[in-house]
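Descriptive analysis of the structure
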Amino acid sequence: MSYLELTSHSPEQTKKFGVRIGELALPGDILLLVGGLGTGKTCLTQGIAWGLGIKEYTMSPSFVIVRELYGRLPLYHIDLYRLDHLEEIVELGLDDYLYGNGICVVEWADNGLSLLPSEHLLIQISYLADTERSFQLKPSSKRYLEIATQLKNFIPEQVQELDNH
Ligand SMILES: Nc1ncnc2c1ncn2[C@@H]1O[C@H](COP(=O)(O)OP(=O)(O)O)[C@@H](O)[C@H]1O
Ligand SMILES: [Mg+2]
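Let us look at the structure shown here. Predicted, not measured: the structure shown is a model, and the values here were computed from it.

If you check the shell around ligand 1, you find 17 residues, and the closest are Thr14, Gly38, Lys41, Thr42 and Cys43. Gly38 places a main-chain nitrogen or oxygen 2.8 Å from an oxygen atom of ligand 1. In the complex, the protein chains occlude 73% of the 580 Å² of accessible area that ligand 1 would expose alone. In terms of residues, the shell around ligand 1 owes the most to one element, helix 2 (residues 41-51), which gives 3 residues. Split by residue class, the shell around ligand 1 holds 3 nonpolar, 10 polar and 4 charged.

In structure tokens form, the structure reads like this:
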């Protein structure tokens, strides 16, 4: 069941929401993003990266499986869009990322749920209208309930302006 649902009215709002998540993140956190093409998974990840103090531009790592970015904590940006990657992933193993000291953000997580930790924060993104998206947060353990609870107080205007990025 969904614990919290937020509506974003613009890409900027989605990024600010991500920034807040990045600020709250702790080593080992697993964030699973589920939602169709163009719903805003990479946009949210960009915000998370900024919230971790990462200045690099985040693009969808569709041609690699994992991109490593370094800020306050490492961000492992994983993309499971291409199903043929899954075999590769099983061979290589993602455990160093998933059970390391960084933050894992997984796009298209629904393509590989059986390979991913059962303790995670699932963020289901749905397209509502041209610039509107809904974010349903589904925490699977106490740690993720804690993040979701902190995000309840999220008000975009209170988050530092990102215009200089
Ligand atoms: N509220 C919103 N939140 C996120 N993206 C939005 C929003 N409204 C419109 N968009 C647009 O939707 C697209 C999302 O792209 P992207 O983040 O790459 O999606 P995904 O990674 O899920 O395929 C971008 O072009 C973005 O500008
Ligand atoms: Mg993407």
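This part takes up the packing of aromatic side chains. As enumerated under the stated definition, the model contains 3 aromatic pairs in all. When the centroid spacing of 5.6 Å and the interplanar angle of 70° are considered together, the rings of Phe17 and Phe135 count as edge-to-face. Of this pair, Phe17 sits in helix 1 (residues 11-24) while Phe135 sits in strand 7 (residues 132-139); the two residues are 118 residues apart in sequence, bridging distant segments of the chain. Looking at Phe17, the relative accessible area reads 3%, which means it is buried. Summarising the aromatic geometry, the rings of Tyr76 and Tyr97 are spaced 4.7 Å apart at their centres and angled 65° between planes, so their arrangement reads as edge-to-face.

Thresholds, definitions, all that
Residues numbered from 1 in each chain as written. Chains lettered and ligands numbered in written order. Predicted model: local features only at pLDDT ≥ 70, side-chain atom pairs only at ≥ 80, totals over all residues. Heavy atoms only, no water. Near = heavy atom within 4 Å. Polar contact = N/O pair within 3.5 Å; in protein donor to acceptor, adjacent residues only side chain to side chain. Areas by Shrake-Rupley, 256 points an atom, 1.4 Å probe, with all protein chains shown as cover. Helix = DSSP H or I, 4+ residues; strand = E, 2+ residues; numbered from the N terminus. Nonpolar A, V, L, I, M, F, W, Y, C, P; charged D, E, K, R; others polar. Phe/Tyr/Trp six-rings, centres within 6.5 Å; stacked < 30°, edge-to-face > 60°. Buried < 20%, exposed > 50% of the residue type's maximum accessible area, 1.4 Å probe, protein only.

Nothing here speaks to function; it is geometry throughout.
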